[in-house]
Amino acid sequence: MADEIGIHDDGVLTAVRGTIFMAKADTTITSALLKQFTVEAATVGVDEAVWTNLGHMSNDNLPEFALDGGDATTLSTWLKASFRTQYDQTTGTVTFNSVQGDKGTFKTLYNAVDMPDAGVAFSLEKTPINKALFILWSDTNTTGRAGLLLPNTDIAFSSLPTLSTDSFVEFSAQANIKTSSTLPRDAAGKFTSAAYFSPADFTAAA
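Bear in mind the structure is a predicted one, so any value in this text is a computation, not a measurement.

## Some remarks on the pattern of salt bridges
- Counting across every chain of the model gives two salt bridges.
- The salt bridge partner of D114 is K107, with a shortest N-O separation of 2.9 Å.
- Using a relative accessible area of 36% as the deciding quantity, one classes K107 as partly exposed.
- Across the salt bridge formed by K178 and D154, the nearest N and O atoms sit 3.2 Å from each other. Residue K178 is found in the loop between β12 (171–177) and β13 (195–197), and its partner D154 is found in strand β11 (residues 144–157); the two are separated by 24 residues along the sequence.

Right, dumping it as structure tokens:
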């Protein structure tokens, strides 16, 4: 079976193309909706559950995930050494870089507001926005797709625009990944923060 450990060739992908969709916090993705997600889809879903494509992302700096904490500590009893391992709390982030320098990007990532005549204004003090993210990637050699769903994140810009003479100008943001009550709990009963959709999930989607 595809959900068991073993050799599954269709699970091996390169992230040749990709994009990021944004929706209201704690929005999930059903199996029926999953197949509609392509890197070029402008929106997926309807009404309160609509996912919007954030557009052109950097091809030089792909979304980068990071974990902080989670260090292991080995506990011993008087009777036995190395009796139990416990882990510190872990926090996760994803940093992504848009190359689409339009007003929509600034209003979304920088909380910008319209100027009276032209342009947008934004504060250097970060104010996070609470949104759901779906990071989708596609292997153009196999047409396989996969994605990581983060239903509950706090997003804020992480830098001012990065200028370049031989690549596109980049606008960087970072999302702090939080637990979501809309996802099922894990086997230990703990709240979960992310969901992964494999190529097989996209194929099986109705």
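## Here's the deal with the packing of aromatic side chains
- The full count for this structure, using the stated rule, is twelve aromatic pairs.
- Consider the rings of F37 and W51, whose centres lie 6.2 Å apart with planes at 75°: the pair is edge-to-face. Separated by 14 residues along the polypeptide, F37 in the loop between α1 (31–34) and β2 (43–44) and W51 in strand β3 (residues 51–53) bring together distant segments of the chain. Comparing F37 with W51 shows no difference in burial state: the two are buried.
- Measuring from centroid to centroid gives 4.6 Å for F106 and Y110, while their planes differ by 20°, and the two rings are stacked. With respect to class, F106 is no different from Y110; both count as buried.
- Among the aromatic residues, those joined into a ring-pair cluster are F21, F37, W51, F134 and F197.
- The ring of F157 carries the charged tip of K126 above its face, separated from the ring centre by 5.8 Å.
- Lying over the aromatic face of F191, R185 brings its terminal NZ or CZ to 3.9 Å of the ring centre.

The rules behind these values
Residues numbered from 1 in each chain as written. Predicted model: local features only at pLDDT ≥ 70, side-chain atom pairs only at ≥ 80, totals over all residues. Heavy atoms only, no water. Salt bridge = Lys/Arg side-chain N within 4 Å of Asp/Glu carboxyl O. Buried < 20%, exposed > 50% of the residue type's maximum accessible area, 1.4 Å probe, protein only. Helix = DSSP H or I, 4+ residues; strand = E, 2+ residues; numbered from the N terminus. Phe/Tyr/Trp six-rings, centres within 6.5 Å; stacked < 30°, edge-to-face > 60°. Lys NZ or Arg CZ within 6 Å of the ring centre and 35° of its normal.

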